[in-house]
Amino acid sequence: MQPNRYGGRGGNSLKKFSISDRDILNKRIKTNPRYECITSRTNSGFNTQRRHELEVEIRRYYRVRNDEVFRRISLADLVQLMVAHAEDMMAASGGGGEEEEEREGGREEERELPLKYRDELRKVVHGVETLEVGGSCSTRPYTLVDVRVASEYYEAHLATSVSHPSARLARAIGWECPALLSAKNRPDAIIVLYDNCEESAGECAATLQHRGYNNVFMLSGGFNLARDKFNTPLITANPAANLHPTDAATLAVQLAGTVLPPLSMADAAEWWSVANSGGESSSTNTQQLPTAERHTARTETKVQPWR
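Computed from a predicted structure; not experimentally measured. (Residues numbered from 1 in each chain as written. Predicted model: local features only at pLDDT ≥ 70, side-chain atom pairs only at ≥ 80, totals over all residues. Heavy atoms only, no water.)

**Q** Just to check I follow, could you spell out helix H2 (residues 48-61) for this structure?
**A** What sets the pattern is the α-helix's 3.6 residues per turn: residues three or four places apart point alike. If you check H2, its first and last C-alpha atoms are 20 Å apart, about what 14 residues at 1.5 Å a residue would give, namely 20 Å. Within H2, the full set of buried residues consists of Arg 50, Leu 54, Glu 57, Ile 58 and Tyr 61. The buried residues of H2 occupy an angular sector of 100 degrees when projected down its axis, which confines them to one face. In H2, the exposed positions angled more than 90 degrees off the buried face are occupied by Thr 48 and Arg 59. (Helix = DSSP H or I, 4+ residues; strand = E, 2+ residues; numbered from the N terminus. Expected span 1.5 Å × (residues − 1). Buried < 20%, exposed > 50% of the residue type's maximum accessible area, 1.4 Å probe, protein only. Arc of directions from axis to C-beta.)

**Q** Help me understand the nonpolar core, please; the structure alone is not making it clear to me.
**A** Ranked by size, the top nonpolar core spans 41 residues in total, and within it Leu 75, Leu 158 and Leu 234 carry the most contacts. Elements represented by at least two residues in this core include exactly H2, helix H3 (75-94), strand S2 (142-146), strand S5 (190-194), strand S6 (216-219), helix H9 (222-229), helix H10 (245-256) and helix H11 (268-276). The contacts of Leu 75, once residues within four sequence positions are left out, are Leu 219, Leu 225, Ala 226, Phe 230, Leu 234 and Leu 260. Grouped together as the second largest cluster of nonpolar side chains are 19 residues, Phe 70, Leu 193, Ala 206 and Met 218 included. (Core = buried A, V, L, I, M, F, W, Y, C linked by side-chain atoms within 4.5 Å. Contact = heavy atoms within 4.5 Å.)

**Q** Looking at this structure, how should I read the packing of H3 against H10?
**A** The description of two helices packed together rests on the angle between their axes and the distance between the axes. Where H3 contacts H10, the axes come no closer than 9 Å and their chain directions differ by 145 degrees. As for how H3 packs across H10, the hand of that crossing is left-handed. Together, Ala 76, Val 79, Gln 80, Val 83, Ala 86 and Met 90 of H3 and Pro 245, Ala 248, Leu 251, Ala 252 and Leu 255 of H10 make up the contact between the two elements. Here the residues of the contact of H3 with H10 sort into 10 nonpolar, one polar and no charged. (Axes fitted to C-alpha atoms, helices over the stretch in contact; angles between N-to-C directions. Left-handed = near helix turned anticlockwise from the far one by under 90°. Nonpolar A, V, L, I, M, F, W, Y, C, P; charged D, E, K, R; others polar.)

Next comes the structure, spelled out in structure tokens:
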């Protein structure tokens, strides 16, 4: 019987390979270009590799020190506060026509709007105990201050933020911008400072505290964390004073599916349990999440550093 093209005898014989044959060793399965960016690995839990990746991510975004005299606010808390205030603004603008119809019909009963952002402010600001419930919902409960240089601010910044370069605090006269003056020590608002990656925002927050500001917070992770985790519409070049309702709805969806890295590896186990669950508990039940209890000055706020 003559050998076939596979090197064997008979019609159904397959090619025989030996252990020294390089053809079988060099055989590769064709890859699908659709899945080139996907790395396959087994979900083995919070192992050493994931712990190392989380530690690298923490070092990239955070610069936590034990001698911090200022208070921190997490990016998730800030976004939730922005979304709640935008929803209240939309509710207030939509309720004006109904009130006019009630007045025309002779019914002058005052209708109270649900100011949800007041509840969000109570949850975020643990260090400020007295908060006014009254007031108009047009007044924002937060003031975002960008302490980077002006050129970086006009290139891209967080939505609703104002520019106040850190070099301005070194002046003897005129070191305060109008936004800082209007929000200084307001019992119903907070001032949030941020930079790229906590290079100078902490020093600016400490300086403002020494100069009489008691409602100053620093944004953990800064601009880089917001850009990498949320991007648009939180990152924008538009100097708009308020957040558009459409952008607020988009931010709410992004927040529900985003889990931010913790401030330190001490919260790594709890972070993994939330991240592995898909971030569902990040927006539904925040009371069950562990708080960042540290024996430092930032324990005054007891805010969740990640959600």
